[in-house]
Amino acid sequence: MPTTRASGWRASPASPSRCTDVAAPAPGEFRARAAAAAADVALHRKLDTASLRFLDKRAQVFAALSDADARRDRARAVKAHAIASLDTLLPELEQRFTANGGVVHWAHDASAACAIVLDIAARAGVRLVVKGKSMVSEEIGLNAALGAAGIEAVETDLGEFIVQLAGEPPSHIITPAIHLSQEDVAELFATRLGEPRHATAEALTAAARRILRAKFRAAGMGVTGVNFASAESGTLVVVENEGNGRMAMTLPRIHVALMGIEKLVARDEDLAAMLELLPRSATGQSLTSYVSLITGPRRTAEPDGPDEVHLVILDNGRTRLLADPVMREALYCLRCGACLNACPVYRRIGGHAYGYAYSGPIGAVIAPALLGIERVADLPYASTLCGACRDVCPVRIDIPRLLLEWRARIAAAVPRPWGERLLVRSWRRIAASPALYHAAAAAARVAGAIIARVPALVPLLPPLAAWRRARELPTFAARSFHRRWRERRGTRFSDGA
Amino acid sequence: MAREAVLDGVRSALAGAVIPPLPRVTAATVATDRELLGARFTREARAVGTVVHEVAGPSAAIEVVVGILRALPAAPRAVAWPTPLARTIATAAVAAIPHATLRIVDGTNDAEVSADVAAADVGLTTADYLVAESGTLVLRADGRARSVSLLPPVHVAIVTRDRLWADLGAALADLRAAGARDSCVTLVTGPSRTADIEKKLVVGVHGPCALHVVLLERGEA
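Position numbers for residues count from 1 along each chain, tracking the sequence in the order it is written. Following the order in which they are written, the chains are lettered starting with A and the ligands numbered starting with 1. Per-residue local features of the predicted model are confined to residues with pLDDT of at least 70, and side-chain atom pairs are confined, for both listing and counting, to 80 or more; whole-chain, interface and lining totals are unaffected and use all residues.

## Quick notes on the overall build of chain A
Secondary structure elements are defined from DSSP: runs of H or I of at least 4 residues count as helices, runs of E of at least 2 residues count as strands, and each element is numbered from the N terminus. For chain A, the count of helices and strands is 22 helices and ten strands. By the compact-globule yardstick of 23 Å for 497 residues, chain A fits well, its C-alpha radius of gyration being 26 Å. Oriented by its inertia axes, the alpha-carbon framework of chain A measures out at about 90 × 55 × 50 Å. Partly exposed residues are those whose C-beta has more than 12 but fewer than 20 other C-beta atoms within 10 Å; 20 or more makes a residue buried and 12 or fewer makes it exposed, with C-beta atoms placed from the backbone. Across the 497 residues that make up chain A, the buried fraction comes to 51%. Sequence separation of at least 24 residues holds for 76% of the intrachain contacts in chain A that already meet a minimum separation of 6. As a reference, a globule follows 2.2 Å times the number of residues to the power 0.38, and the radius of gyration itself is taken over C-alpha atoms. We call two residues in contact if the C-beta atoms placed from their backbones are at most 7 Å apart.

What follows is the structure, given as structure tokens:
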């Protein structure tokens, strides 16, 4: 089936089919959610605490890493090669993984991926599924699909377990419960699990360990994501700190790994290059507590491990990014979450406001391709373009450039309001002519002075009123910089002028 | 059919795309100075909460393991890999503790493996590689139960210094060169941990709460 090219955002009014619509935002909701979050001071405190700590630790480990910049260049080159070679690497991975005894499934979209997992579960009579942390599983809405089929799906990463209890989606790629306080979690454990009101993070964690240990041992299937896969040997890499991923890949009889097509690298050697950067960028660790390199089901000489290992390879809109030479580099993303932590907008509105599994700067780039830009047309504007995301990205994705590109495409496809167009056209004229510029600046000074003296005028000027809602109107200086410059020329700066 | 739909999509998306060259593989670092590597491993491992015991040989290693068993609840239940060093030292150490039990997990009887390991207070293993740069243990699955290093609250890895390698790339390259066909290779760097509640570090979420590495100068007495 030929793919529609991604150049126009008209391509996909109904194409990104989903198991559920839980995480699919409706147009216009972003602004309301963002406005509510931007007013939530307690949320800002939680986001700042976590994000800034991540960033701080990240900076420390990168400072201690020799040749950090060269390693980032190499990781980017590894991904650039792999993404441009997916047409040969995907069949190679399939061939190796199958030769190792695994089963490969292909899913064009979210509902196909869910159907594959449901089918595997149904054939084996699975009633309980334990899940390692997987953003792809959030993306495709797997929990809802399993629930609808009467299969219990339990999130086992502590953060994911917490947000599942709260009935919420995760609000950060790496630390899903970033928006909840310890008291919030204690309250959840008390009301949803009947636990006493635990007073420490240690006690809450111990309770989760006890409750989930029983689930791991009873589950018929473990579902995880995949951080990297090597085509050369058919190896899947799963990175984690808690051990829940290892449990889900070791104890149940069936392991299902969900992977977007972009997770591939060509060679086994490339895995170490990627592992150097992912934990450092994500949590500021040299390496996470656990990294599992999986090549298939247990061999005869192995005392434990799953009898069946399934790999579900998912497109779900990724080929639209792939077909787009400008946007293609978004597929290099390792999902480390560093751009979320670095983003001043994310730190004020949190992950839920974006309304999609992938939030923050990288989410604002990939959601328009995965969901269709008409559903998330506000997201590319949720950025100050300050460039902090680009600076921390381990594979140097130029996120601000990609956000600008989305904005240009949106403006080209849907004309902006006439007032805005008039404003931009006028600005183009004014900025190109010194005389017009000085005249306009003088007029703005007068208007500014009037508005400053008569604030009641603001609501009568709609664009200004909207701008003013979250900002102070600056007072213009009595004399412009140009004028002061002219006046001083004769005195202090005469030599250089 | 689904396969062709995805692959056709990928092929048409990449039509005319230029493939950038693969970066050259950096030469594997050859481990030469084991003293330096050992010091680096110990430093990195301790930094992530691993307890490193540096000992001369097996008899000192047994003493260390006896000490670890004594700190457990009375009559501790141990499980161990069947690899020679793990078996020998576990057997000797358990014999020194009243009412302690040991199960060497070498069979493939699922029910027994899972029940014994799940009930154990401590799991004893060896490690196939130690990575100095990150303080990491590399554990193969060939003939060794993965769950021994995962389910018990305490994991003890008994390793000789000749397993030390400089970095992960070198260790994994050697593993490939050895033709390893394990279904799972696990890298362990410190005990299980989380910071999912208000970024507070808590050790011992799902995996072991404590990780000991007994680092032997030599494996023979």
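Next, the rest of the story.
## Overview of the overall build of chain B
Counting its secondary structure elements, chain B contains six helices and twelve strands. Its C-alpha atoms give chain B principal-axis dimensions of roughly 70 × 45 × 40 Å. Look at the contacts in chain B between residues 6 or more apart in sequence, and 77% of them connect residues 24 or more apart.

## Points about the confidence of the model for chain B
Known as pLDDT, the predictor's confidence for each residue is given on a scale from 0 to 100. Residues with a pLDDT of 70 or more make up 95% of chain B, whose mean pLDDT is 93. Interface confidence for the predicted complex, expressed as ipTM, amounts to 0.96; the pTM equals 0.91.

## Overview of helix α1 (residues 29-38) of chain A
All names here are of chain A. Where α1 is concerned, the buried positions are Phe-30, Ala-34 and Ala-37. Seen along its axis, α1 keeps its buried residues to an arc of 65 degrees; they face one direction. Its buried side turned inward, α1 meets α2 (41-64) and α15 (346-349). Directions drawn from the helix axis to the C-beta atoms are what define this arc.

## A word on the nonpolar core
Formed by 211 residues in total, the largest nonpolar core has its most connected members in Ala-113, Met-274, Val-312 and Ile-313 of chain A. In terms of residue count, helix α16 (residues 360-371) of chain A provides more of this core than any other element does, eight residues in total. For Ile-313 of chain A, the contacting residues outside a window of four places in its chain are Leu-90, Val-104, His-105, Trp-106, Ala-107, Met-259 and Ile-261 of chain A together with Val-6 of chain B. Joined through C-beta atoms within 7 Å, a set of buried Ala, Val, Leu, Ile, Met, Phe, Trp, Tyr and Cys residues constitutes a nonpolar core.

## Regarding the interface of chain B and chain A
Taken together, the 62 residues of chain B in the interface contact 74 residues of chain A. Elements supplying a minimum of two residues to the side of chain B that touches chain A: α1 (2-14), α5 (110-119), α6 (168-177), β9 (184-188) and β10 (193-194) of chain B. Top element by residues in the side of chain B that touches chain A is α1 of chain B. It accounts for twelve residues. The nonpolar class holds Ala, Val, Leu, Ile, Met, Phe, Trp, Tyr, Cys and Pro. Asp, Glu, Lys and Arg form the charged class, and all remaining residues, Gly among them, are polar. When grouped by side-chain class, the residues that make up the side of chain B that touches chain A number 31 nonpolar, 17 polar and 14 charged. DSSP calls a pair of strands paired once it identifies at least 2 bridges connecting them. Bridge count between strand β9 (residues 290-294) of chain A and β9 of chain B: five bridges; the pairing is antiparallel. Bridging from a neighbouring strand, Val-291 of chain A pairs with Leu-187 of chain B of β9 of chain B.

## Description of the sheet that holds strand β2 (residues 77-80) of chain B
All names here are of chain B. A sheet is described by the order of its strands in space; here six strands give the open sequence β1-β12-β7-β4-β2-β3, paired in parallel fashion. Looking along the sheet, the strands with just one partner apiece sit at the ends: β1 (51-55) and β3 (101-104). Between one strand axis and the next, the sheet turns through 20 degrees on average, direction left out of account. Bridge analysis of β2 against β3 gives four bridges, and the strand direction is parallel. Residue pairing for β3: Arg-77 is matched across the bridge by Thr-101. Its contacts with the sheet place helix α3 (residues 58-70) against β1, β4 (122-125), β7 (154-160) and β12 (210-216), and it is angled at close to 165 degrees to β12. On the sheet, helix α4 (residues 84-95) packs against β2, β3, β4 and β7 and is oriented at approximately 165 degrees with respect to β2. The angle between two axes is taken between their N-to-C directions and runs from 0 to 180 degrees, where each axis is a line fitted to C-alpha atoms and a helix contributes only its stretch in contact.

## Considerations on unusual backbone geometry
Residue and element names in this part refer to chain A. Backbone geometry at Arg-335 places phi at a positive 60 degrees, although glycine is not the residue there. Turning to its location among the elements, Arg-335 is positioned in the loop between α13 (318-322) and α14 (338-342). Take Arg-335: there are 19 C-beta atoms within 10 Å of it, and that puts it in the partly exposed class. Of note in this structure, Leu-385 is not a glycine but carries a positive phi near 60 degrees. With respect to the helices and strands, the residue Leu-385 is situated in the loop between α16 and α17 (388-392). You can call Leu-385 partly exposed: it has 15 C-beta atoms within 10 Å.

## Digging into the packing of helix α8 (residues 158-166) of chain A against helix α9 (residues 182-193) of chain A
Residues and elements named next belong to chain A. Two elements in contact, α8 and α9, have axes whose closest approach is 10 Å; the angle formed by their N-to-C orientations is 60 degrees. Considering the angle they form, α8 stands oblique to α9. α9 is crossed by α8, and the crossing has left-handed handedness. Every residue of α9 that contacts α8 at Ile-162, Leu-165 and Ala-166 is listed here: Val-185, Leu-188 and Arg-192. Under this scheme an angle from 65 to 115 degrees is roughly perpendicular, one under 35 degrees roughly parallel, and one over 145 degrees roughly antiparallel; angles in between are oblique. The crossing is said to be left-handed when, going from far helix to near helix, the turn is anticlockwise and less than a right angle, and right-handed when the turn is clockwise.

## Section: the sheet that holds strand β6 (residues 136-139) of chain B
Spatially, eight strands are ordered β8(A)-β5(A)-β6(A)-β9(A)-β9(B)-β6(B)-β5(B)-β8(B) in an open sheet, and the strand pairing comes out mixed. Both edges of this open sheet fall to β8 (264-265) of chain A together with β8 (164-165) of chain B, since each of them pairs with a single strand only. Pairing of β6 of chain B with β9 of chain B involves three bridges; the strand directions are antiparallel. Paired with Val-138 of chain B across the strands is Leu-187 of chain B, a residue of β9 of chain B.

## Some thoughts on the environment of Asp-106 of chain B
With respect to the helices and strands, the residue Asp-106 of chain B is situated in the loop between β3 and α5. Residues Asp-106 of chain B and Arg-70 of chain B, 36 residues apart in the sequence, show an inter-C-alpha distance of 25 Å. Excluding residues that lie within four positions of it along the chain, Asp-106 of chain B makes contacts with Pro-303 of chain A together with Pro-82 and Gly-143 of chain B.

## As for α2 of chain A
Residue and element names in this part refer to chain A. Look at α2: 35 Å from first C-alpha to last across 24 residues, which is about the 34 Å you get at 1.5 Å a residue. Within the span of α2, buried status applies to Leu-43, Lys-46, Leu-47, Ala-50, Ser-51, Phe-54 and Arg-58. Considering only its buried residues, α2 is in contact with α1, α12 (268-282), α14, α15 and α17. An expected span of 1.5 Å times one less than the residue number is assigned to each helix.

## Some details on the pairing of β9 of chain A
Residues and elements named next belong to chain A. When you tally the buried positions in β9, you get five out of five residues, the bulk of the element. Residue alternation in β9 divides its side chains into two sets, Tyr-290, Ser-292 and Ile-294 and Val-291 and Leu-293, and both sets are buried. Two strands pair when backbone bridges link them, and strand β6 (residues 235-240) and β9 are joined in this way by five bridges, in the antiparallel orientation. Bridge pairing in β9 places Val-237 opposite Leu-293.

## A short note on the environment of Thr-384 of chain A
Residue and element names in this part refer to chain A. Note on placement: Thr-384 falls in the loop between α16 and α17. By the C-beta count within 10 Å, which is 10 here, Thr-384 ends up exposed. A C-alpha to C-alpha distance of 18 Å links Thr-384 and Arg-33, two positions 351 residues apart in sequence. Those residues within four positions of Thr-384 in sequence are excluded, and the remaining contacts are Pro-344 and Val-345.

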